[in-house]
Structures are given as C-alpha cells and as structure tokens.
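Notes for the structure review
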Amino acid sequence: MVRDKVTSFVRAPFTRRAGQGAANEVLDEPRGSGMRRAVGDLPPCPFRVSAWATGTLVGSYAAAPRLTRLVCGGFGAVTVSDWLQYAWIWTQRTEEG
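Residues numbered from 1 in each chain as written. Predicted model: local features only at pLDDT ≥ 70, side-chain atom pairs only at ≥ 80, totals over all residues. Heavy atoms only, no water.

Focus: the overall build of the protein
- If you tally the helices and strands in the protein, you get 4 helices and 2 strands.
- For the protein, the spread of C-alpha atoms along the principal axes amounts to about 50 × 40 × 20 Å.
- Looking at the 97 residues of the protein, the share that counts as buried comes to 13%.
- Charged side chains of the protein number 12 positive and 8 negative; the gap between the two group centres comes to 10 Å. (Helix = DSSP H or I, 4+ residues; strand = E, 2+ residues; numbered from the N terminus. Buried < 20%, exposed > 50% of the residue type's maximum accessible area, 1.4 Å probe, protein only. Lys, Arg positive; Asp, Glu negative; His and termini not counted. Charge placed at Lys NZ, Arg CZ, Asp CG, Glu CD.)

Considerations on the environment of Ser8
- Summarising the element assignment, Ser8 is placed in helix α1 (residues 8-11).
- A sequence separation of 37 residues divides Ser8 from Cys45, and the C-alpha atoms of the two residues are 14 Å apart.

Considerations on the packing of aromatic side chains
- One pass over the full model with this rule turns up 1 aromatic pair.
- For the pair Trp83 and Tyr86, a centre-to-centre distance of 6.2 Å together with 75° between the ring planes defines the contact as edge-to-face. A residue pair is termed a helical-turn pair when its members lie 3 or 4 positions apart in one helix, as Trp83 and Tyr86 do in helix α4 (residues 65-96) at 3 residues. Judged on exposure class, the residue Trp83 and its partner Tyr86 are both exposed. (Phe/Tyr/Trp six-rings, centres within 6.5 Å; stacked < 30°, edge-to-face > 60°.)

As for the side chain of Thr15
- Inspection of the secondary structure puts Thr15 in strand β1 (residues 15-20).
- Using a relative accessible area of 5% as the deciding quantity, one classes Thr15 as buried.
- Of the polar contacts made by the side chain of Thr15, one reaches the backbone oxygen of Arg11; its length is 2.9 Å. (Polar contact = N/O pair within 3.5 Å; in protein donor to acceptor, adjacent residues only side chain to side chain.)

Quick notes on the pattern of salt bridges
- If you walk through the whole model with that rule in mind, you get 3 salt bridges.
- Residue Asp28 is joined to Arg11 by a salt bridge in which the shortest nitrogen-to-oxygen separation is 2.7 Å. You can see Asp28 sitting in strand β2 (residues 26-30) and its partner Arg11 sitting in helix α1, a full 17 residues away along the chain.
- Residue Asp28 is classed as buried on the basis of its relative accessible area, which comes to 16%.
- Taking the relative accessible area as the measure of exposure, Arg11 reaches 4% and is therefore buried.
- Residues joined in a network through salt bridges with shared partners are Arg11, Arg17 and Asp28. (Salt bridge = Lys/Arg side-chain N within 4 Å of Asp/Glu carboxyl O.)

Note that every value here comes from positions in space, so none of it alone points to a role or purpose.
Take a look at the structure:
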C-alpha cells in the first residue's frame, strides 16, 4: 500500500511522485505545508503505516472480532503469496547465476 501504483490515487493529494523504485514500486515525497504535509509524511514510510495498520486491526478486533479475523486471513494469504513470489525469484536467480 505504501509504494504500490494502484493505491497512488489515495496518496496523490498529499504526495508527489519522486521516482520509480524496484519491482514496479513508486517513490513519493510529501508536498504542501501544515496538515497536508503532515499527512504526506505518513504514506512514504512503511514503518509508520504498519503502526497505524496494527492499531486499526487491534481496535477493529475489539469491535468486530469475526470480521477482523476474516480480513486478517486475507492478509495472511497475500503474505504467503508474496513469500512464494520471492522464493520463485530467488530460484530463478540461483539457476541463472
């Protein structure tokens, strides 16, 4: 979410494109001043976003445990998919090198 092109429309009011990262990621930098700049400082940093996401999940688990378990199951599936993709890339590089 922090560097995906797909979610760039969410970050667009607060950040500007600074460049292209690895693996089709985009690099954004905050723009504006005041509150706009403060909000723009949040998305480029995965550590800040992870803290807010964790707090949101903990709060939603207290309010709606079943729905939160379903969402976390989806996040878990995406994580396994990412690790499989990384393993595949590592295997390809090992064969080539």
